[in-house]
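Geometric and topological summary
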Amino acid sequence: METLSIVIPVFNEKTTLEEIIRRVIAVDIGLTREIILIDDGSTDGTRALYEPIKARWPNEKIVCQLQPENRGKGAAVRKGFELATGDIVLIQDADLEYDPADYPQLLKPILDGKADVVYGSRFVGSDAHRVHLFWHMQGNRFLTTLSNMMTNLNLTDMETCYKVFRKEVLDSMTLISNTFTIEPELTARVARGRWRMYEVGISYAGRDYAEGKKITWRDGFAALWAIFRFRFL
């Protein structure tokens, strides 16, 4: 049986961490799984939750890695990839915007032998979406279009959290991004490797900034530069 590694970068998610782990564990995926939590320098009390979480679910393989300082989502994701031992690796945010109930449809193209990489799109499909943040959505679509132009892919949501990879795909890459630019970097390297890629619709319950959303317009400009950088790197 194949193993799924679920990499969860965490930064100041005291109010949602236990709930997202409960939702991850509740999904029946028919695979052996490991949950890899990478704390990226949390300062809100999140770090006190890791030992109670492991004690609450003693039958689950839960790996907790504490980064010495806040370095960014990309650095946390890269550390999670380094620690992952599964045949398939999935990125899950620690907030509640993305629903682990979507795992079966995310995994199906890989388990069916059709795909090496699967992205979960917030902009296609019939699953529930919170009506939310028009300009954030337009920014995502602009970056996705520009990324598609540079990579010759036809994605609808390059910036999605839900990215799933066969482990050999990640093993073929040398990733360098520390911040949210990990998203265009992963996309560019997948395109360059000519891996088989699928996209599936997912549900989405986006937060606003008052609820703790972290990505800002500054990250958008950084992603813009990264799209060109990783096209030619």
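For the structure itself, look to the data block above.
Figured I'd write up the structure that's included with this text.

Calculation notes
Residues numbered from 1 in each chain as written. Predicted model: local features only at pLDDT ≥ 70, side-chain atom pairs only at ≥ 80, totals over all residues. Heavy atoms only, no water. Helix = DSSP H or I, 4+ residues; strand = E, 2+ residues; numbered from the N terminus. Rg over C-alpha atoms; globule rule 2.2 N^0.38 Å. Contact = heavy atoms within 4.5 Å. Areas by Shrake-Rupley, 256 points an atom, 1.4 Å probe, with all protein chains shown as cover. Lys, Arg positive; Asp, Glu negative; His and termini not counted. Charge placed at Lys NZ, Arg CZ, Asp CG, Glu CD. Buried < 20%, exposed > 50% of the residue type's maximum accessible area, 1.4 Å probe, protein only. Pairing = 2+ DSSP bridges. Axes fitted to C-alpha atoms, helices over the stretch in contact; angles between N-to-C directions. Phe/Tyr/Trp six-rings, centres within 6.5 Å; stacked < 30°, edge-to-face > 60°. Lys NZ or Arg CZ within 6 Å of the ring centre and 35° of its normal. Salt bridge = Lys/Arg side-chain N within 4 Å of Asp/Glu carboxyl O. Polar contact = N/O pair within 3.5 Å; in protein donor to acceptor, adjacent residues only side chain to side chain.

What follows covers the overall build of the protein chain. A tally of helices and strands in the protein chain yields eight helices and seven strands. The C-alpha atoms of the protein chain give a radius of gyration of 17 Å, which matches the 17 Å a tight globule of 233 residues would have. With the principal axes as the frame, the protein chain shows a C-alpha extent of 50 × 40 × 35 Å. Of the contacts formed within the protein chain by residues at least 6 apart in sequence, a portion of 81% connects residues at least 24 apart. If you sum the accessible surface of the protein chain, you get close to 10,800 Å²; carbon and sulfur atoms cover 53% of it. The positive charge centre, built from 30 side chains, and the negative charge centre, built from 32, are 4 Å apart in the protein chain.

To continue, consider the side chain of Gln-67. Here Gln-67 shows up in the loop between strand S3 (61-66) and helix H3 (73-83). Under the relative-accessibility criterion, Gln-67 is labelled buried at 5%. Setting aside chain neighbours within four positions, we find Gln-67 in contact with Ile-38, Asp-39, Asp-40, Gly-41, Arg-47, Ala-75, Ala-76 and Lys-79.

As a general point, the strands of a sheet are linked pairwise by backbone hydrogen bonds and lie either parallel or antiparallel. The mixed open sheet is built from seven strands, whose spatial order is S3-S2-S1-S4-S6-S5-S7. The two strands at the open ends of the sheet, each matched to only one other strand, are S3 and strand S7 (197-201). Strand-to-strand, the axes of this sheet are offset by a mean angle of 20 degrees, without reference to chain direction. On top of the sheet, H3 reaches strand S1 (3-10), strand S2 (32-39), S3, strand S4 (88-91) and strand S6 (163-166); it is set at about 145 degrees to S2, its chief contact. Sheet strands touched by helix H7 (residues 182-193): S4, strand S5 (117-121), S6 and S7. Its angle to S6, the strand with the most contacts, is close to 40 degrees.

What follows deals with the packing of aromatic side chains. Throughout the structure, instances matching the rule amount to four aromatic pairs. For the pair Phe-81 and Phe-165, a centre-to-centre distance of 6.0 Å together with 75 degrees between the ring planes defines the contact as edge-to-face. Highlighted residues: Phe-81 in helix H3 and Phe-165 in strand S6, separated in sequence by 84 residues. One aromatic cluster in this structure is built from Tyr-98, Tyr-103, Tyr-162 and Tyr-204. Taking NZ or CZ as reference, Arg-122 lies 5.1 Å from the ring centre of Tyr-204, over its face.

The next thing to look at is the pattern of salt bridges. For the coordinates displayed, the defined rule picks out 18 salt bridges. Salt-bridge contacts for Lys-79 lead to Glu-82; the nearest nitrogen and oxygen are separated by 3.2 Å. With a gap of three residues between them, Lys-79 and Glu-82 both fall in helix H3, about one helical turn apart. With its nearest N and O atoms 2.7 Å apart, the salt bridge here joins Arg-122 to Asp-157. Of this pair, Arg-122 sits in the loop between S5 and helix H5 (134-151) while Asp-157 sits in the loop between H5 and S6, placing them 35 residues apart in sequence. Neither residue differs from the other here; Arg-122 and Asp-157 are each classed as buried.

What follows concerns the environment of Thr-160. Structurally, Thr-160 is set in the loop between H5 and S6. Owing to a relative accessible area of 0%, Thr-160 belongs among the buried residues under this scheme. Distance in space between the C-alpha atoms of Thr-160 and Tyr-119 is 7.2 Å, their sequence separation being 41 residues. Residues contacting Thr-160, with those up to four places away along its chain left out, are Tyr-98, Tyr-119, Gly-120, Arg-122, Glu-183 and Ile-202. There is a polar contact of 2.6 Å between the side chain of Thr-160 and the backbone oxygen of Gly-120. Here the side chain of Thr-160 touches Tyr-162 through a polar contact of 3.2 Å, landing on its backbone nitrogen.

Now for the pairing of S5. Of all five residues making up S5, five are buried, and the element is well covered by its neighbours. Examined bridge by bridge, S5 and S6 share three bridges and lie antiparallel to one another. Each residue of the ladder has a partner; that of Val-118, found in S6, is Val-164. Taken together, the five bridges between S5 and S7 define a ladder with parallel strand orientation. Each residue of the ladder has a partner; that of Val-117, found in S7, is Met-197.

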